[in-house]
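# Topology and contacts: notes
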Amino acid sequence: MTQGTTKRMIIMLIIAAVLIGGVAWFQQFKGTMIAKAIKGMSNPPQTVSTIVAQESSWQPTVEALGNLHASQQTSLSPQIGGMVTAIHFRSGEKVTKGQMLAQVNDAQQRAQLAQLQAQVGQLQAQLDLAQINLRRDEAQIKVQAVSQAVVDSDRSTVASLQAQLKALGEQINAQKAVIAQAKITAPFSGVLGIRRINLGQYLAPGTEAVTLQALDPMDIDFTVPQSQIDLVHVGMTAQVTTNAVPGKTFEARVIAIEPQVNTATRNLTVRARIPNPKGELLPGVFATVRLTDGAPRNYITLPNAAVAYNPYGATVFLVKDEGKGPDGKPRLVAEQRFITTGLTRGDQVAIVSGLKVGETVVTAGQLKLRNGTPVLINNSVQPADNPNPQVPNS
């Protein structure tokens, strides 16, 4: 290889090395610039509205919806079948316990009772005669006028007749019970429903003749979420309102709590009792129940819109001050935090843990945020934060 050829090869290698190095540097420079551009584009400042977390007095209250029903209610029917021979009530009438309402034909049962009673008379006459014979023979055996066997026979006859009378008496009581089943009587005082029988109609056992409901007091059943179970206990008072009786509040008292939570709804069923002396409330009416427990408590509260509810927990975004930026203005960034929520009232929710008084919380614009996102605050528009919102009149 000549000296000139060697020089040309060295020059070519140097040129190739410079080109390769230049290409590598350019690719690295391009990647760096793209990364900076992407980083700058992925986290631009976002405008949000905020509120400062403050503590407020909160009266623990449970508000639920329920249906009213009678404290006692039943469907009245005869226990034996037969033709309706008498009706002693009118639809919607108030009745008292034990009042006779209707009669089913019981002529056959009464005839059987009369036969049994006639047999009682015959047996009683036989028993009287047997007792007379026994007393006479007991007197004669003292002077040895009759044998002991005669006295023993008399005693056996008396005992047999007494046993027959006892058995017959039990049959008579059973027959009287059957006759009583042909009557429809009120098992408790209340108000009757609409009559469903007519004179001369055959009424099969168990067929409804009329309904009976005790309207004073009334009961209301409602459900409470498991997060509010500790606010409900037997004996506490409640206020009940319904548009069936507008402008009036009824006082109720909790009388029973279901001992288990419904696994499908995670709610607890509660029953309260309401005095209803004027009969203003009726079964089936839809009503609102409000229960207040104890003295007011202090809670940190936020607008409900500030909280994001997820399967893994509730979160909020806080605004953190990280000093001043290059332009000399405060540098504000978002920070996500898990919290524990409690009771709700109106547009507000109580924060049990995860938040301190004085911290700034994002109330709108959370969907645009992630940890470290720069934020700009604009509080010209705020979400609803009314503890007792009212529906406007149309």
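What this report covers is the structure whose coordinates are included nearby.

About the cut-offs
Residues numbered from 1 in each chain as written. Predicted model: local features only at pLDDT ≥ 70, side-chain atom pairs only at ≥ 80, totals over all residues. Heavy atoms only, no water. Helix = DSSP H or I, 4+ residues; strand = E, 2+ residues; numbered from the N terminus. Rg over C-alpha atoms; globule rule 2.2 N^0.38 Å. Buried < 20%, exposed > 50% of the residue type's maximum accessible area, 1.4 Å probe, protein only. Contact = heavy atoms within 4.5 Å. Areas by Shrake-Rupley, 256 points an atom, 1.4 Å probe, with all protein chains shown as cover. Lys, Arg positive; Asp, Glu negative; His and termini not counted. Charge placed at Lys NZ, Arg CZ, Asp CG, Glu CD. Core = buried A, V, L, I, M, F, W, Y, C linked by side-chain atoms within 4.5 Å. Polar contact = N/O pair within 3.5 Å; in protein donor to acceptor, adjacent residues only side chain to side chain. Axes fitted to C-alpha atoms, helices over the stretch in contact; angles between N-to-C directions. Parallel < 35°, antiparallel > 145°, perpendicular 65-115°, else oblique. Left-handed = near helix turned anticlockwise from the far one by under 90°. Nonpolar A, V, L, I, M, F, W, Y, C, P; charged D, E, K, R; others polar. Pairing = 2+ DSSP bridges. Salt bridge = Lys/Arg side-chain N within 4 Å of Asp/Glu carboxyl O. Expected span 1.5 Å × (residues − 1).

Next up on the list: the overall build of the chain. Within the chain, the secondary structure is distributed over three helices and 21 strands. Taken over C-alpha atoms, the radius of gyration comes to 46 Å for the chain, far larger than the 21 Å a tight globule of 394 residues would show. Each principal axis of the C-alpha distribution contributes one length, and for the chain these read about 175 × 70 × 50 Å. In the chain, which comprises 394 residues, the proportion classed as buried is 30%. Within the chain, contacts between residues at least 6 apart in sequence are counted, and of these 74% link residues at least 24 apart. About 23,900 Å² of surface is accessible on the chain, with carbon and sulfur atoms providing 55% of the total. In the chain, 35 side chains carry a positive charge and 26 a negative one; their mean positions are 12 Å apart.

This brings us to the nonpolar core. Within the largest apolar cluster, 30 residues are counted, with the highest numbers of intra-cluster contacts made by Ile220, Phe222, Val240, Ile274 and Leu291. Looking at which element gives the most residues to this core, the answer is strand 10 (residues 210-225), with five residues. Ignoring anything within four residues of it in the chain, the contact list for Ile220 reads Gly66, Asn67, Leu68, Val240, Val270, Arg271, Ala272, Ile274, Ala287 and Val289. Membership of the second largest hydrophobic core comes to 19 residues, among which are Leu101, Ala102, Ile184 and Ala186.

With that out of the way, let us pick up the side chain of Asp106. For Asp106, the location among the structural elements is in the loop between strand 6 (100-104) and helix 2 (107-141). One polar contact links Asp106 to Gln103, side chain to side chain, over a distance of 3.4 Å. Apart from the residues lying within four places of it in its own chain, the contact partners of Asp106 are Ile179 and Ala182.

Turning to the packing of helix 2 against helix 3 (residues 148-180), a few remarks are in order. Axis separation between helix 2 and helix 3 bottoms out at 8 Å; the angle between their running directions is 160 degrees. Taken together, the axis directions place helix 2 and helix 3 in an arrangement best described as roughly antiparallel. As for how helix 2 packs across helix 3, the hand of that crossing is left-handed. Here the contact of helix 2 with helix 3 is composed, by residue class, of 17 nonpolar, 14 polar and six charged.

Turning to the pairing of strand 1 (residues 46-52), a few remarks are in order. Taken together, the three bridges between strand 1 and strand 21 (residues 375-377) define a ladder with parallel strand orientation. Considered in strand 21, the bridge of Thr47 is made with Leu376. Looking at chain direction, strand 1 and strand 20 (residues 360-364) are connected through four bridges and run antiparallel. Its bridge partner being in strand 20, Ser49 is matched across the sheet by Ala364.

On to unusual backbone geometry. For the peptide bond that leads from Asp216 to Pro217, omega is 5 degrees, which places it in the cis range. Relative to the elements of secondary structure, Pro217 occurs in strand 10.

Our focus in this paragraph is the environment of Thr265. Mapped onto the elements of the fold, Thr265 is located in the loop between strand 12 (249-257) and strand 13 (267-274). For the pair Thr265 and Gln226, spaced 39 residues apart in sequence, the C-alpha to C-alpha distance is 9.3 Å.

Here the focus is the environment of Asn371. Summarising the element assignment, Asn371 is placed in the loop between strand 20 and strand 21. Residue Asn371 is classed as partly exposed on the basis of its relative accessible area, which comes to 49%. Setting aside its immediate chain neighbours within four residues, Asn371 contacts Phe317, Ala334, Glu335 and Gln336. At 2.6 Å, the side chain of Asn371 and the backbone nitrogen of Gln336 are in polar contact.

Scanning the entire structure with this criterion turns up ten salt bridges. Note that Glu63 is salt-bridged to Arg290, the shortest N-O span being 2.8 Å. Pair noted here: Glu63 is in strand 3 (residues 61-76) and Arg290 is in strand 14 (residues 286-292), with a separation of 227 residues, a long-range link. Residue Glu63 is classed as exposed on the basis of its relative accessible area of 52%. Residue classification places Arg290 among the partly exposed residues on the basis of a relative accessible area of 40%.

What you see with strand 14 is a clean split: Ala287, Val289 and Leu291 sit on the buried side and Phe286, Thr288, Arg290 and Thr292 on the side with no burial. Inspection of the sheet shows strand 3 paired to strand 14 by seven bridges, in the antiparallel sense. Within strand 14, the residue paired with Gly66 across the bridge is Ala287. Where strand 11 (residues 237-241) lies against strand 14, four bridges are found, and the strand directions are antiparallel. Considered in strand 14, the bridge of Ala238 is made with Leu291.

The residue Asp219 is located in strand 10 in this model. At a separation of 2.7 Å, a polar atom in the side chain of Asp219 contacts the side chain of Arg273. Residues in contact with Asp219, not counting those within four places in the same chain, are Asn67, Leu68, His69, Ser71, Ile255, Arg271, Ala272 and Arg273.

Under the 1.5 Å per step criterion, the end-to-end length of helix 2 is 51 Å for 35 residues, consistent within 8% with the ideal 51 Å. All of the buried residues in helix 2 are Gln109, Leu113, Leu116, Leu123, Leu127, Ala130, Leu134 and Asp137. Check the buried side of helix 2 and you find it contacts helix 3.

Quick look at the sheet that holds strand 6 now. Taken together, the four strands give an open sheet; going across it, the order is 7-6-4-9, and neighbouring strands pair in antiparallel fashion. At either margin of the open sheet sits one strand with a lone partner, and together these are strand 7 (183-185) and strand 9 (202-203). Sheet analysis places strand 4 (residues 82-87) next to strand 9, joined by two bridges and oriented antiparallel. In the strand pairing of strand 9, Gly82 is matched with Leu203.

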